[in-house]
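Working through the structure, step by step
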Amino acid sequence: TDFILKDLQVWSSDDLLNWQQESILRPVDTYIGKPIDGCWATDAVESGGCYYWCFSEVNKQADFYQIGIVESDTPGGPWTDVLWAPLVPNGLVDVPCYDPCLFKEDDGSIYILFGIWNYYIARVSEDMRSIEPPRPIEVRNPVGPYGEGKTDDKVFVHKRNGIYYLSW
């Protein structure tokens, strides 16, 4: 009756028809340290020759949401939690902290976006181990699946021809 995701998996394909599992990231192998049923949306980015993968830790019953980060030398893993703490801790802002988007700017700097209904953005440190204080993103005249004036979860940003596009 509810969404349950016990681990996160990386798969690869050369043709989008045949797939090979590359790695599995289990909450017990991260700062979480135990099995959970709430590993939600993820995003990854390359920076400085390493790959970084942010994941959501969710416990809806406890109103507890935060974002962790792991790193690897390859996009397929294996993954290592070098912080042994969340990158974006529960309660940092006034909305649940989950569903990360990692955006790499033209100059190589990395930003993390997150939130539900209201979104935040923060610059990630060069070593990918901390963030600046998050700033709210103003969305003017939003229209989402819940109607006019409302957004949703899983914020995402991309850039094309010098214009930034925000979606959810």
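One can find the structure itself at the top, above this paragraph.
Residues numbered from 1 in each chain as written. Predicted model: local features only at pLDDT ≥ 70, side-chain atom pairs only at ≥ 80, totals over all residues. Heavy atoms only, no water.

As for the overall build of the chain
Rule in force here: Strands are runs of DSSP state E lasting at least two residues, helices are runs of H or I lasting at least four, and both sets are numbered from the N terminus onward. The reference for a compact globule is 2.2 Å times residues^0.38; the radius of gyration itself is calculated from the C-alpha atoms. Note on exposure labels: buried denotes an accessible area under 20% of the residue type's maximum, exposed denotes more than 50%, and partly exposed covers the range between, all computed with a 1.4 Å probe on protein chains only. We call two residues in contact when some of their heavy atoms are within 4.5 Å. Accessible surface area values rest on a Shrake-Rupley calculation with a 1.4 Å probe, where residue burial reflects the displayed protein chains alone. Under the counting rule used here, the positive set is Lys and Arg, the negative set is Asp and Glu, and His together with the chain ends is not counted. Charge placement uses NZ in Lys and CZ in Arg. For Asp and Glu, CG and CD serve respectively.
Looking only at helices and strands, the chain has zero helices and 13 strands in total. When the elements of the chain are put in sequence order from the N terminus, they spell out β-β-β-β-β-β-β-β-β-β-β-β-β. Against the 2.2 N^0.38 benchmark of 15 Å for 168 residues, the chain shows a C-alpha radius of gyration of 16 Å, consistent with a compact globule. Its C-alpha atoms put the chain at 40 × 40 × 35 Å along the principal axes. Scored against the burial criterion, the 168 residues of the chain give a buried share of 41%. Counting only contacts in the chain whose residues sit at least 6 apart along the sequence, the fraction spanning at least 24 positions is 45%. As displayed, the chain offers around 9,700 Å² of accessible surface, 50% of which is attributable to carbon and sulfur atoms. Taken together, the 13 basic and 26 acidic charged side chains of the chain have centroids lying 4 Å from each other.

Digging into the sheet that holds strand β3 (residues 39–47)
Strand pairing in a sheet relies on backbone hydrogen bonds, with the paired strands running either antiparallel or parallel. Counted only if it meets this: Being paired, for any two strands, means DSSP has found at least two bridges between them. Fitted lines through C-alpha atoms serve as axes, helices being fitted only where they are in contact, and the angles separating the N-to-C directions of these axes extend from 0 to 180 degrees.
As summarised here, the arrangement of the three strands in space is β3-β4-β5, forming an open sheet in which the pairing is antiparallel. Each edge of the sheet is formed by a strand with only one pairing partner; in this case those strands are β3 and β5 (64–72). Direction aside, the axes of adjacent strands within the sheet are offset by 20° on average. Where strand β4 (residues 50–59) lies against β5, nine bridges are found, and the strand directions are antiparallel. For Tyr 51, the partnering residue across the bridge sits in β5 and is Ser 72.

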